[in-house]
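Residue-level structure breakdown
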Amino acid sequence: MSLLSLKNVTRRFGSLSALSNISMEVPQGELRAVIGPNGAGKTTLFNLISGFFPPSEGELLFDGQSVKGVPPEKLVHRGMIRTFQITEIFLDLSVYENLEIAVETAHGLNLRPWLSPARRRQVRAHIDELMQTLHLEDLAYRMAGELAHGDQRVVEIAIALAREPRLLLLDEPTAGMGDEETDRMTDLIRHLHQERGITMLFIEHDMSIIFNVADRITVLDNGHLLAEGTPAEISANADVQAAYLGAAR
Amino acid sequence: MNATTIQDKTSTLGGSRAGMSSVDLPRLAAALVIWALLLSAPFWLPLVGGYTVLGTRVLIFALVTLGLNLLLGFTGGLSFGHAAYFGLGAYGTGLMLKFVTASTPLAILVGVLVGGLAATLLGPITVRRKGIYFAMITIAIGQMFYFIAVRWNSLTGGEDGLTGFARTNVHFGGWTLDLHNPTNFYYFTLFFFAIGCFVVWMVLRSPLGHTFVAIRENPKRLRFLGLPIGVYIWIAFAISGFVAALAGSLYALLNNFTSPEDMNWILSGDFVIICVLGGMRTFWGPLVGSVIYVVVQDYLSSITVNWMSFIGAIFVLSVLFFPWGLLGFFQGRFKK
Ligand SMILES: Nc1ncnc2c1ncn2[C@@H]1O[C@H](COP(=O)(O)OP(=O)(O)OP(=O)(O)O)[C@@H](O)[C@H]1O
Ligand SMILES: [Mg+2]
């Protein structure tokens, strides 16, 4: 059964149809890329899936259950978490503190005015583990706001991973990154997919990454689902070439 | 990796999250100096032209703003209505002493419960609004209590205020604490101030406090981590309401009097000014702000009725030159 499925989903903003009649299935364990020109509706798709706003029409299922109209804070508890096109982290806190709040939230400790030493060690171990996985140890005590853009993106992913999601939505994880940072992010995405088996949807403009790591690709254009298939199928698709791959960007 | 480095490099803005779980010498030293000064205040205040009651007033304003700052500085919720809970504490205590009991502790308890529960019950109405709407609804709710106090003449004494009650001595077993003595009342107030400090300090270094700061920093991120942030703003609101009520209760006992002005939004605004003056994102900022506020008020109100304009001028200057308050400024310097 698919972990995520969309059935004839439409989202309108006034007279604009940002997404029209989209159906898609994302099986457990898949690494799915979502591509499309600017304004195609990619972020809108993420906003719908993550509960930021409900679809105007259609049905959304996560793990076989309808999640239409379920707010983001509830979806997170079912195992879905996202990052944003514009990085959303705690800029005036250190990297360590960013992960601390994420881990404490993941462990459901937010109401605690006090932690036992054992709990505190547990939280700490989880933070250390995240910092190791994402190679953030050297940046632990730096203010998140002072970091390079690419490192901030990594911090955002670390925050998301603290919740140990089953479905991770990444909105343009490599946007604005240099080559080296992009390679690092690509490795990270591959690692999370292969080693941890996290089902992922990621929006990406960089073709080399997509063809490198994605199992399947969904192509959106102007709010419509233009094509879906393996990287080989997509690169051979004439519609896609016309609408997107052939375009100047 | 060790705890000390983490605490040392904690942001100035996230400031007092640095806590004391590891030894942070400058902070510890500052805290020791502050407590030494507070404990010895009745002895040195006369030497610098002050008097004990002035010190008690500072403590009461510092207590209410310490609590308010949990909401304002650490959670990022601008309330212009906390005088209402301060005033409810004051009226609750005054009315108890006047009509019900001769016990000061019981009168305090009732004042704290009345003001604190009012904040807790009204919090949910407030926390659903954002930014300026949050501020406006806090004013509206606060003013509602102000008008009740003005209109309900038979009970509250209306605009003339509530008189006819006085604090009584406290008895523990066979021992009596004479609260009529201003110095004793100073230490009585200091005891409650210490409790307030301990509560706020504990909260700030706990996951609850981390959550408050994270709400201030990025509520959207927190929502998408699965947190219903309204509940937590409500908790900050309620805690600050209880602390405000305690301070108001002590204020009624200090003056043996309370009036609608003790719940007016002008006073709420003064509380906000005190926090901003001293440094909203620092633990001791409210105390520093209260010293400035109370001292300026004391000296200038004997010279001019427009003393508030001076506070206003100091406020504007401080916002221009020390946007993070006096303490925020000095801490920033110190770290460089
Ligand atoms: N909240 C909103 N209100 C009104 N219009 C919106 C809203 N969100 C998106 N849109 C519109 O929907 C269309 C699709 O936007 P979307 O952000 O999903 O594009 P995208 O594929 O993510 O583009 P990009 O590559 O630039 O990020 C755009 O025309 C956009 O202006
Ligand atoms: Mg987008």
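An unreviewed UniProt entry annotates chain B as Putative ABC transporter permease originating from Salinisphaera hydrothermalis. The Subcellular location (unreviewed entry) comment attached to chain B in UniProt states, word for word, "Cell inner membrane".

Going by the annotation in an unreviewed UniProt entry, the name recorded for chain A is Putative ABC transporter ATP-binding protein, with Salinisphaera hydrothermalis given as the source organism.

**A closer look at the site of ligand 1**
Residue and element names in this part refer to chain A. Near ligand 1 lie 14 residues; those nearest to it are Gly39, Lys42, Thr43, Thr44 and Gln85. The side chain of Thr44 places a nitrogen or oxygen atom 2.6 Å from an oxygen atom of ligand 1. In the environment of ligand 1, an oxygen atom lies 2.8 Å from a nitrogen or oxygen atom belonging to the side chain of Gln85. A total of 630 Å² of accessible area belongs to ligand 1 in isolation, and the protein chains cover 63% of it. Every element with two or more residues in the shell around ligand 1 is listed here: strand 2 (16-27) and helix 1 (42-49). Broken down by element, the shell around ligand 1 gets its largest block of residues, three residues, from helix 1. For the shell around ligand 1, the class distribution of residues is five nonpolar, seven polar and two charged.

**So, the sheet that holds strand 10 (residues 224-229) of chain A**
All names here are of chain A. Spatially, the six strands line up as an open sheet ordered 6-7-8-3-9-10, and their pairing is mixed. The open sheet is flanked by strand 6 (80-82) and strand 10, the only strands paired with a single partner. With strand direction ignored, the average angle separating the axes of adjacent strands in the sheet is 15 degrees. Across four bridges, the pairing between strand 3 (residues 31-35) and strand 8 (residues 199-203) is parallel.

**Observations concerning helix 1 of chain A**
Most of helix 1 of chain A is tucked away, with seven of its eight residues classed as buried. Taken residue by residue, helix 1 of chain A has Lys42, Thr44, Leu45, Phe46, Asn47, Leu48 and Ile49 of chain A as its buried positions.

**Thoughts on the packing of helix 8 (residues 182-204) of chain B against helix 11 (residues 229-255) of chain B**
Residue and element names in this part refer to chain B. Put simply, helix 8 and helix 11 touch, their axes get as near as 11 Å, and they point 175 degrees apart. One element, helix 8, and the other, helix 11, form an angle in the roughly antiparallel class. On helix 11, the residues that touch Phe185, Phe188, Thr189 and Phe192 of helix 8 are Leu246, Leu250, Leu253 and Leu254. Among the residues forming the contact of helix 8 with helix 11, the class breakdown is seven nonpolar, one polar and no charged.

**Some words on the UniProt feature "transmembrane region" (unreviewed entry) in chain B**
All names here are of chain B. Residues annotated in UniProt with the feature "transmembrane region" (unreviewed entry) correspond here to residues 28-47, 59-86, 106-125, 132-152, 185-204, 225-251, 271-295 and 307-330. Between the end C-alpha atoms of residues 132-152 the distance is 30 Å, and the span holds 95% helix and 0% strand. Between the first and last C-alpha atoms of residues 185-204 the distance is 29 Å; the span itself is 100% helix and 0% strand.

Calculation notes
- Residues numbered from 1 in each chain as written.
- Chains lettered and ligands numbered in written order.
- Predicted model: local features only at pLDDT ≥ 70, side-chain atom pairs only at ≥ 80, totals over all residues.
- Heavy atoms only, no water.
- UniProt positions renumbered as here; feature names shortened; annotations may be inferred.
- Near = heavy atom within 4 Å.
- Polar contact = N/O pair within 3.5 Å; in protein donor to acceptor, adjacent residues only side chain to side chain.
- Areas by Shrake-Rupley, 256 points an atom, 1.4 Å probe, with all protein chains shown as cover.
- Helix = DSSP H or I, 4+ residues; strand = E, 2+ residues; numbered from the N terminus.
- Nonpolar A, V, L, I, M, F, W, Y, C, P; charged D, E, K, R; others polar.
- Pairing = 2+ DSSP bridges.
- Axes fitted to C-alpha atoms, helices over the stretch in contact; angles between N-to-C directions.
- Buried < 20%, exposed > 50% of the residue type's maximum accessible area, 1.4 Å probe, protein only.
- Parallel < 35°, antiparallel > 145°, perpendicular 65-115°, else oblique.
- Contact = heavy atoms within 4.5 Å.

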